[in-house]
Amino acid sequence: MHEHEYCIIGAGNIGILLSYFLRNEDVAIIKKNNSEITYVRLLNGEKSWEQRFVSFEIENNFFCRKALIATKAYNVEEVVSKIKGKAENVFSFQNGLGIIEILVNNFGVKNSFGSSITYGVSSCGKYCTEIKGLGEIIVGQLGKKYDENVLSEFSYAIKKGGGNIEVVDDIMPYLWLKAIINSAINPITTLLGSKNKAVIENDFAQSLALKTIKEGEKVASALGIKLPSDPEKMLFEIATKTGENYSSMLQDIKNKKRTEIDYINGYIALQGEKLSLNVETNKTLYLMVKALEKELFIT
Ligand SMILES: NC(=O)C1=CN([C@@H]2O[C@H](COP(=O)(O)OP(=O)(O)OC[C@H]3O[C@@H](n4cnc5c(N)ncnc54)[C@H](O)[C@@H]3O)[C@@H](O)[C@H]2O)C=CC1
Ligand SMILES: CC(C)(CO)C(=O)C(=O)O
């Protein structure tokens, strides 16, 4: 049986970024199929790094003290069903909402950790990822820090590997803040086929983005979630900082891959509807992106 301190599930962009920060720890990479991972590679400006890791399939017999789920949001349920009983503490790194709840339902609140990542990484080939924008990892648990030891071990290891990380008391407001920003940038740039800067430079796109954000703020507030910063201000900051990038949703559509819209605008709209709030803008953006996926035969 494989036993490791860290298992990174998913050797995509975020999985490789995490493997880089944790390169000196006891790490295994868990992959989807039996394709051989000879090494993973990360490009950071002029610098390039590559390393071999122990890797095996999720069906194998293993036990991990910390399992880091680095798949897309729509793969989390399946991953969780496959690692139940094989992992002690489980971390999620997905954009969007409703993910940490899946962990809590399966591993309990004390062993579930959520995060919000503002690094920007994109693929540069098989098992290769490129850092496009520096950011940070904000990590925490639901409501409060239940396991300070696990949080500090993880944060110490990431820092040692050169990553920026902040541990917070309750991760939920951070997850909502990031999701509200994504709810404005991602679908609008996807539908326009534009870079992120379109939501600030195109005045029509900007007013749609601000309407979307206002709705998300209303839903969060009705749920009693106090956002850690002003999402409107953050929209301008993030769209400026990542202005030349294409959002992950637009990249997914360009690559004919499923988007995470269900976990962003879809989730916000659903919560808003349950509270009888007007969430028409989020609902419309959700339906437009789902319609686009269908037109492109993406399932
Ligand atoms: N790329 C970025 O800059 C950022 C991404 N995120 C979030 O991180 C998450 C991951 O994004 P990326 O790394 O870009 O996606 P990706 O598509 O590059 O990587 C996902 C990986 O998970 C693997 N996977 C799927 N199911 C699996 C299974 N059952 N077992 C093992 N591996 C499995 C896939 O084969 C793929 O290699 C997404 O939710 C995204 O929104 C968050 C912040 C920034
Ligand atoms: C912050 C932003 C919008 C950067 O592109 C992002 O998280 C994404 O594309 O998913």
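Residues numbered from 1 in each chain as written. Chains lettered and ligands numbered in written order. Predicted model: local features only at pLDDT ≥ 70, side-chain atom pairs only at ≥ 80, totals over all residues. Heavy atoms only, no water.

The name given to the chain in an unreviewed UniProt entry is 2-dehydropantoate 2-reductase, with the source organism recorded as Fervidicoccus fontis. Listed in UniProt under the heading Function (unreviewed entry), the comment for the chain reads: "Catalyzes the NADPH-dependent reduction of ketopantoate into pantoic acid." (UniProt positions renumbered as here; feature names shortened; annotations may be inferred.)

### What to know about unusual backbone geometry
We note that Tyr 127 has phi near 55 degrees; this positive angle belongs to a residue other than glycine. Its location among the elements puts Tyr 127 in the loop between β9 (120-123) and β10 (128-133). Using a relative accessible area of 14% as the deciding quantity, one classes Tyr 127 as buried. Phi angles above zero are rare outside glycine, and Lys 256 is one such case at about 55 degrees. Structurally, the position occupied by Lys 256 is in the loop between α9 (248-254) and α10 (265-274). (Helix = DSSP H or I, 4+ residues; strand = E, 2+ residues; numbered from the N terminus. Buried < 20%, exposed > 50% of the residue type's maximum accessible area, 1.4 Å probe, protein only.)

### What to know about the pairing of strand β8 (residues 112-117)
The two faces of the sheet receive side chains in turn, since in a regular strand these alternate between them. Burial analysis of β8 places 6 of its 6 residues in the buried class, the great majority of the element. A two-sided burial pattern is seen for β8, the buried positions comprising Ser 112, Gly 114 and Ser 116 on one face and Phe 113, Ser 115 and Ile 117 on the other. Relative to β8, strand β7 (residues 87-92) is paired through 2 bridges, and the arrangement is parallel. Each residue of the ladder has a partner; that of Val 90, found in β8, is Ser 112. Crossover connection from β7 via helix α3 (residues 99-107) to parallel β8: handedness right-handed. Of the pairings in the sheet, the one linking β8 to strand β11 (residues 137-140) comprises 4 bridges and is antiparallel in character. (Pairing = 2+ DSSP bridges. Right-handed = clockwise from strand over helix to strand, strands pointing away.)

### Observations regarding the pattern of salt bridges
Following the criterion strictly, the structure yields 19 salt bridges and no others. Across the pair Lys 145 and Asp 169 runs a salt bridge, and its minimum N-O distance is 3.9 Å. Here Lys 145, found in the loop between β11 and α4 (148-160), pairs with Asp 169, found in the loop between β12 (165-167) and α5 (172-192); they are 24 residues apart in sequence, far enough to count as distant. Owing to a relative accessible area of 24%, Lys 145 belongs among the partly exposed residues under this scheme. Across the pair Lys 233 and Glu 237 runs a salt bridge whose closest N-O atoms are separated by 3.7 Å. Taken together, the residues Lys 233 and Glu 237, both in helix α8 (residues 231-241) and 4 residues apart, mark about one turn of the helix. Since its relative accessible area comes to 54%, Lys 233 is described here as exposed. The class for Glu 237 is partly exposed, based on a relative accessible area of 44%. Overlapping salt bridges, with partners in common, bring together Glu 5, Arg 65, Lys 66, Glu 88 and Glu 153 in one network. (Salt bridge = Lys/Arg side-chain N within 4 Å of Asp/Glu carboxyl O.)

### A look at the site of ligand 1
Close to ligand 1 lie 26 residues; Asn 13, Ile 14, Val 121, Lys 257 and Glu 260 are nearest. Contact between ligand 1 and Ile 14: an oxygen atom at 2.8 Å from a main-chain N or O atom of the residue. Between ligand 1 and Lys 257, the relevant distance is 3.1 Å, taken from an oxygen atom to a side-chain nitrogen or oxygen of the residue. Considered on its own, ligand 1 offers 840 Å² of accessible surface; in the complex 86% of this is hidden by protein. Breaking the shell around ligand 1 down by element, the ones donating at least two residues are α1 (13-21), β2 (27-31) and β9. (Near = heavy atom within 4 Å. Polar contact = N/O pair within 3.5 Å; in protein donor to acceptor, adjacent residues only side chain to side chain. Areas by Shrake-Rupley, 256 points an atom, 1.4 Å probe, with all protein chains shown as cover.)

### Observations concerning the sheet that holds strand β5 (residues 54-57)
Ordered in space as β5-β2-β1-β6-β7-β8-β11-β12, the 8 strands form an open sheet in which the pairing is mixed. Both edges of this open sheet fall to β5 and β12, since each of them pairs with a single strand only. Ignoring which end each strand starts from, the neighbouring axes of this sheet average 25 degrees apart. In this structure, β2 lies alongside β5, joined through 4 bridges in parallel fashion. Opposite Lys 31, over in β5, you have Glu 57 as the bridge partner. Relative to β12, α4 is tilted by about 165 degrees, and along the sheet it contacts β1 (2-9), β6 (62-69), β7, β8, β11 and β12. (Axes fitted to C-alpha atoms, helices over the stretch in contact; angles between N-to-C directions. Contact = heavy atoms within 4.5 Å.)

### Brief notes about the UniProt feature "domain: Ketopantoate reductase C-terminal" (unreviewed entry) in the chain
When the UniProt feature table is mapped to this numbering, "domain: Ketopantoate reductase C-terminal" (unreviewed entry) covers residues 170-293. Helix makes up 70% of residues 170-293 and strand 0%, with an end-to-end C-alpha separation of 34 Å.

### Some remarks on the packing of aromatic side chains
On inspection of all chains with the given rule, the structure shows 11 aromatic pairs. Relative to Phe 62, the ring of Phe 56 lies with its centre 5.4 Å away and its plane at 45 degrees, an arrangement referred to as tilted. Accessibility expressed as a relative area gives 3% for Phe 56, which makes it buried. Note on Phe 93 and Phe 154: the rings are 6.2 Å apart at their centroids and 50 degrees apart in plane angle, and the pair reads as tilted. (Phe/Tyr/Trp six-rings, centres within 6.5 Å; stacked < 30°, edge-to-face > 60°.)

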